[in-house]
Amino acid sequence: MEPPEKVAVKLDAAEKLIRRWDSTASEEARERMIFDGDLHEADRYLQAIDEIQRSMDSATVSDNQSKVSSAIQIAMTRLEDEFRNILITHTTPLEIDPNSSIRSSSRTETSGEFDDDEYPEENRERKEEEQEQEEEGEGEGSSTSYQTTNSIREIDLIPSEAIYDLRSIAERMISSGYLRECIQVYGSVRKSAVDASFRGLGVEKLSIGDVQRLEWEALETKIRRWIRAAKVCVRILFASEKRLCERIFDGLGPAADDACFMETVKAPAIQLFNFAEAISISRRSPEKLFKILDLHDSLSDLLPDVDLVFGSKSSESVRVQAAEIVSRLAEAARGILSEFENAVQREPSKIPVPGGTIHPLTRYVMNYISLISNYKQTLMELIVSKPSTGSRYSGDPTAPDIELPEPENRSPLALHLIWIMVILQFNLEGKSKHYKDASLSHIFLMNNVHYIVEKVKGSPELREMIGDDYLRKLTRKFRQAATSYERSTWLRVLYCLRDEGLHVSGSFSSGVSKSALRERFKSFNSIFEEVHRTQATWLVPDTQLREELRISILEKLIPAYRSFLGRFRNHIESGKHPEMYIKYSVDDLETAVLDFFEGHPVSQHLRKRSQLRNELS
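The rules behind each value
- Residues numbered from 1 in each chain as written.
- Predicted model: local features only at pLDDT ≥ 70, side-chain atom pairs only at ≥ 80, totals over all residues.
- Heavy atoms only, no water.
- UniProt positions renumbered as here; feature names shortened; annotations may be inferred.
- Helix = DSSP H or I, 4+ residues; strand = E, 2+ residues; numbered from the N terminus.
- Buried < 20%, exposed > 50% of the residue type's maximum accessible area, 1.4 Å probe, protein only.
- Contact = heavy atoms within 4.5 Å.
- Areas by Shrake-Rupley, 256 points an atom, 1.4 Å probe, with all protein chains shown as cover.
- 1 Å grid on protein atoms, 1.4 Å probe; cavity = no way out; pocket = protein on both sides within 12 Å on 5 of 7 lines; lining within 4 Å.
- Points joined across faces, edges and corners; volume = space filled by probe spheres on them.
- Nonpolar A, V, L, I, M, F, W, Y, C, P; charged D, E, K, R; others polar.
- Core = buried A, V, L, I, M, F, W, Y, C linked by side-chain atoms within 4.5 Å.
- Salt bridge = Lys/Arg side-chain N within 4 Å of Asp/Glu carboxyl O.
- Phe/Tyr/Trp six-rings, centres within 6.5 Å; stacked < 30°, edge-to-face > 60°.
- Polar contact = N/O pair within 3.5 Å; in protein donor to acceptor, adjacent residues only side chain to side chain.
- Expected span 1.5 Å × (residues − 1).
- Disulfide = S-S within 2.5 Å.
- pLDDT = per-residue confidence, 0-100.
- Arc of directions from axis to C-beta.
- Axes fitted to C-alpha atoms, helices over the stretch in contact; angles between N-to-C directions.
- Parallel < 35°, antiparallel > 145°, perpendicular 65-115°, else oblique.

As recorded in an unreviewed UniProt entry, the protein chain goes by Exocyst subunit Exo70 family protein and comes from Tetracentron sinense. Taken from UniProt, the Sequence similarities (unreviewed entry) comment for the protein chain reads in full: "Belongs to the EXO70 family."

Asker: How do you make sense of the overall build of the protein chain when you look at a structure like this?
Answerer: Of the regular secondary structure elements, the protein chain holds 22 helices and 4 strands. Every one of the 617 residues in the protein chain was classed for burial, and the buried ones make up 48%. Restricting to contacts in the protein chain with at least 6 residues of sequence separation, those with at least 24 account for 77%. Of the roughly 30200 Å² that the protein chain leaves accessible, carbon and sulfur atoms contribute 49%.

Asker: Help me understand empty space enclosed by the protein, please; the structure alone is not making it clear to me.
Answerer: Over the atoms rolls a probe the size of a water molecule, and its path tells where empty space is left. Applying the stated criterion across every chain yields a total of 2 cavities of 30 Å³ or more. A volume near 130 Å³ is recorded for the largest cavity. Around the largest cavity sit Gly 202, Val 203, Glu 204, Leu 206, Lys 222, Arg 225, Trp 226, Ala 229, Gln 271, Leu 272 and Phe 275, which together line it. Counting only elements with at least two residues in the lining of the largest cavity, the list comes to helix 9 (216-249) and helix 10 (256-280). Per-element tally for the lining of the largest cavity: the top contributor is helix 9, with 4 residues. Tallied by class, the residues present in the lining of the largest cavity amount to 6 nonpolar, 2 polar and 3 charged.

Asker: Can you help me understand the layout of surface pockets in this one?
Answerer: Taken as a whole, the second largest pocket holds about 270 Å³ of empty space. Of all the elements in the fold, those that place two or more residues in the lining of the second largest pocket are helix 12 (316-346) and helix 15 (412-432). The biggest single contributor to the lining of the second largest pocket is helix 15, with 4 residues.

Asker: Would you explain the nonpolar core in this entry?
Answerer: Taken as a class, soluble globular proteins show a tendency for nonpolar side chains to be buried jointly. One finds Phe 83, Trp 226, Phe 238, Phe 249, Phe 273 and Phe 310 to be the most contacted residues of the largest nonpolar core, which totals 177 residues. No other element matches the 18 residues that helix 9 contributes to this core. If sequence neighbours within four positions are ignored, Phe 273 has contacts with Trp 226, Val 234, Leu 299, Val 306, Val 318, Gln 321, Ala 322 and Ile 325.

Asker: What is the right way to read the environment of Leu 404 from this model?
Answerer: By the element assignment, Leu 404 lies in the loop between helix 14 (376-382) and helix 15. For the pair formed by Leu 404 and Met 421, sequence separation is 17 residues and the distance between their alpha carbons is 10.0 Å. Residues within four places of Leu 404 in sequence aside, it is in contact with Pro 387, Thr 389, Leu 415, Ile 418 and Trp 419.

Asker: Could you clarify how one ought to interpret the pattern of salt bridges in this entry?
Answerer: Within this structure, the stated rule accounts for 38 salt bridges. With a closest N to O distance of 3.5 Å, Asp 12 and Lys 16 form a salt bridge. Linking Asp 12 with Lys 16, this pair stays in helix 1 (residues 4-20), spanning 4 residues, or about one helical turn. Taking the relative accessible area as the measure of exposure, Lys 16 reaches 56% and is therefore exposed. Glu 41 is the partner of Arg 20 in a salt bridge, and the nearest nitrogen-oxygen pair spans 3.5 Å.

Asker: I tried to follow the packing of aromatic side chains on my own but got confused; where do I start?
Answerer: Each aromatic ring pair is described using two quantities: the centre-to-centre distance and the angle formed by the ring planes. Enumeration according to the criterion identifies 24 aromatic pairs in this entry. A centroid spacing of 6.2 Å and a plane angle of 50° characterise the contact between Trp 490 and Phe 528, whose relative ring orientation is tilted. In this pair, Trp 490 is assigned in helix 18 (residues 468-495) and Phe 528 in helix 19 (residues 514-535), connecting sequence segments 38 residues apart. For Trp 490, a relative accessible area of 3% translates into the label buried. Judged by relative accessible area, which is 0%, Phe 528 ranks as buried. On the basis of an interplanar angle of 10° and a centroid distance of 5.9 Å, the ring pair of Phe 524 and Phe 528 is categorised as stacked.

Asker: Sorry if this is basic, but what is going on with the side chain of Ser 552 here?
Answerer: Following the sequence through the fold, Ser 552 ends up in helix 20 (residues 543-573). Side-chain polar atoms of Ser 552 contact the side chain of Lys 556, separated by 3.0 Å.

Asker: I tried to follow helix 13 (residues 360-374) on my own but got confused; where do I start?
Answerer: Along an α-helix, residues three or four apart share an orientation, since each turn contains 3.6 residues. End to end, helix 13 covers 21 Å across 15 residues, agreeing with the expected 21 Å (1.5 Å per residue, within 8%). Buried residues of helix 13: Leu 361, Thr 362, Val 365, Met 366, Tyr 368, Ile 369, Ser 370, Ile 372 and Ser 373, and no others. Each element contacted by the buried residues of helix 13 is listed here: helix 11 (289-309), helix 12, helix 14, helix 15, helix 16 (438-457) and helix 17 (460-466).

Asker: Quick question: what am I supposed to make of unusual backbone geometry here?
Answerer: When glycine is set aside, most residues are seen to have a negative phi, and most peptide bonds are trans. The backbone of Phe 597 shows a phi angle near 65°, a positive value even though the residue is not glycine. Along the chain, Phe 597 falls in the loop between helix 21 (586-593) and helix 22 (606-616).

Asker: Is there a simple way to explain the state of the cysteines in this structure?
Answerer: Here is the idea: a disulfide is a covalent bond, and it sits between the sulfur atoms of two cysteines. If you walk through the whole model with that rule in mind, you get 0 disulfides. In this model Cys 182 remains outside any disulfide bridge; the closest cysteine sulfur is found in Cys 260, 5.9 Å from its own. You can see Cys 260 has no disulfide; the closest cysteine sulfur is in Cys 245, sitting 5.4 Å from it. A relative accessible area of 0% places Cys 260 in the buried class.

Asker: Got a minute to help me understand the confidence of the model for the protein chain in this structure?
Answerer: Caution applies to low-pLDDT regions: their predicted coordinates should not be interpreted in detail. Put simply, the protein chain has an average pLDDT of 83, and 82% of its residues get 70 or more. Here helix 5 (residues 120-135) stands out as the element of the protein chain with the lowest mean pLDDT, 40, in contrast to helix 16, whose mean of 96 is the highest. Overall, residues 100-149 carries pLDDT values under 50, and its contacts beyond four positions in sequence, including any with other chains, amount to 79 contacts. Low pLDDT, under 50, characterises residues 391-395; the predicted model gives this stretch 10 contacts beyond four residues in sequence or across chains.

Asker: Looking at this structure, I do not really get helix 21. What am I missing?
Answerer: Taken together, the buried positions of helix 21 are Val 586, Asp 588, Leu 589, Ala 592 and Val 593. Buried residues of helix 21, viewed axially, fall in a sector of 160°; they line one side.

Asker: I'm lost on the environment of Ser 459 in this one. Help?
Answerer: Tracing the backbone through its elements, the reader meets Ser 459 in the loop between helix 16 and helix 17. It is 9.1 Å that separates the C-alpha atoms of Ser 459 and Asn 374, two residues lying 85 residues apart in sequence.

Asker: Is there a simple way to think about the environment of Ile 86 in this case?
Answerer: Along the chain, Ile 86 falls in helix 4 (residues 65-90). Considering only alpha carbons, one finds Ile 86 and Ile 163, 77 residues apart in sequence, at a separation of 8.9 Å. When sequence neighbours within four positions are dropped, the list of residues in contact with Ile 86 reads Phe 35, Ala 162, Asp 165, Leu 166 and Ile 169.

Asker: Explain the packing of helix 15 against helix 18 here, please?
Answerer: For any two helices packed against each other, the geometry comes down to the angle between their axes and how far apart the axes lie. One can describe the packing of helix 15 onto helix 18 by two numbers: an axis separation of 12 Å at closest approach and a directional angle of 10°. Of the possible angle classes, the one that applies to helix 15 and helix 18 is roughly parallel. Contacts between helix 15 and helix 18 involve Ile 418, Met 421, Val 422, Gln 425 and Glu 429 from the former and Tyr 470, Leu 474 and Lys 477 from the latter.

This is the structure:
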C-alpha cells in the first residue's frame, strides 16, 4: 500500500487535470474535445478518473469526500459530452438502397446484400470470398466487414478505434453509477441514426390509423417498399445496432448492452411493425389477399431473425408483436378467401354481356384463382378446413342447392378452389337465363366454361391442385353447351332440308310439289339469313374453339344442303326465276359460316357476295 502522502499527491494531480477540462470554468475546455486530440491526453484523463475512483473508498480522502465527489461529477459530465461527441462524429446513416447493396458511408467496404436470390452474381462472389477465407484458416479472426449468421448481415457501424474510446468512457461512467446517463446519450444519438436510415429506406412514421385511412392502391406500393425495407431493418440495421451495443457495453453492467440496444431500436421497431399490424387488422376485401400473403410470407421468413436479434427478455415485446402479426395476417387471408367465395356466388349483375362472350366475372375469378395457385405453398399451410357449402347458406331462401364434388386426395385448398369454380358456374347459369335467345345462352355458357378449362390447363400448379377428373367434368360441360347450341340453332335450319311434305302421292307428274319446294327453299333462305345476320355478331373469342364450332356446323349443314340441292335443284331451275329460291351455293354457305362468332355485323349481304363471285367467274 502506498503512503498516504503519495496517494494525496496523486489525488491532487488527478483532481487538477479533471478541473482543467471543466467546460463550465475553462474556455479551452469548452472549445476542445479531449478525445479529438492527443491520444496520450485522453489516456491521462481516464487515468485521472481511475485514480479518483480508487481513492473514493480510501480513508485518506475521507476528509476531502465532498471535493472528490465534485471532481467525479465534473468528470462524468465531461465524459458524457465526450461520449456524445464521439458517437456523433462517427455516426452516419447507412446509405441503403433496398434494391441493391448496403454500405455505410463511414466505411470503405460494402456489406452483403439483403436478398441472395435477387442478386445472384454479387452473392456468388461474396460466398466465394467467404469460402476462400475459411479454406485459408482465417475464419472468425479475419477482418471482414460483416458477420454472417444465416441471413443476418452485421455491419461495423463505427470504426474499431472509436469503439475502444466509447467503451473506455462507458466503463468509467457505469462504474461511477452513471449507467442511465450513458444509456440515454447513446440511445439519443444512435436512434437518430436509425431514424435517418429509416428515411432512406422509405419507412414512414405512420400510425395504425394513418395506414388504415390510405387508399388500397397507395398501400400496395407501400407494402412492396415495406417488405424490402423490413429485410434490411431486421437483418442488417437492427442486427448491426445490437452488435455495436455488445462491443461497447458487454460486461460493463447488468444487461447494459441490451438496455442500450432497446433504448436505440425499440421505438423504430414498433414503428416498423405497426405498418404490418395495421394491414393485418384492416377491412378485408378480395384485392388485398395477395399483398397480405406477401406480407405474411415476408414476415414469417423474418421471424427467426427477429427472434435472434430481439432474443433478450427485455425485447420480448418486439418478438411477440411480430409473431402476433403473422398470426393475424394468416387469419385475414383465410377470411378473405371465404368472403371471396361469398362475393362470387352473389355477384348481382344481370345485364347480359354482348355476343355471349366471356363475362368479366369469369375473367376476374379465374385470374384470381390462378394467382392463388402461385401462393400454393403458403395457402396449403393456412387453409386447413374444407369449404362450407350447404350449412353456410342454411336459412337463406335465395341460397343455391349446390353439391361440392370432392375428388379423392384433394387438399382443403384445392377443394376451396373447386368450390369457387362450382359457384362461379352456378352464377353464370343464372346469368345465361337473361339472354332472350336460347342459342346465345348456350354460347355464353360454352365460352365461359371453356375459359375456365383453359385457365386451369394454363397453370400447372392450378391443374395439379384441381386434378384431371374435375377438369374432364368441366370439359364435358362446355362441350354439352356447344351441343345444346347446335341443336337450338341448326335443327330448325336442317328441318327445312327434309323430304317430308314435298312429295305428291298419286300424281302423274314428277311426284314433287313445286310450290311446297319453293316454300321450303324460301324458309331455308330466310332462316339461314337470320341466323347468319344474328350470329355473326356473337363472339367466340377463343380461335380454336371458334374454328371447331364452325367445322361442326359445316359438317352438319353442308352435306344436308348439298344432298337437298342435288335432289331438288332441277325442279326449281325448270321453273321461272329460280334465283329467287336457290340463292346460295354450297360455297356460299361455307363462306357465310366463316362470318359466325366474329363479334361484328357482316359487311355485305350473302346475295351480293354470290353475285360478285359469279361476275368474277
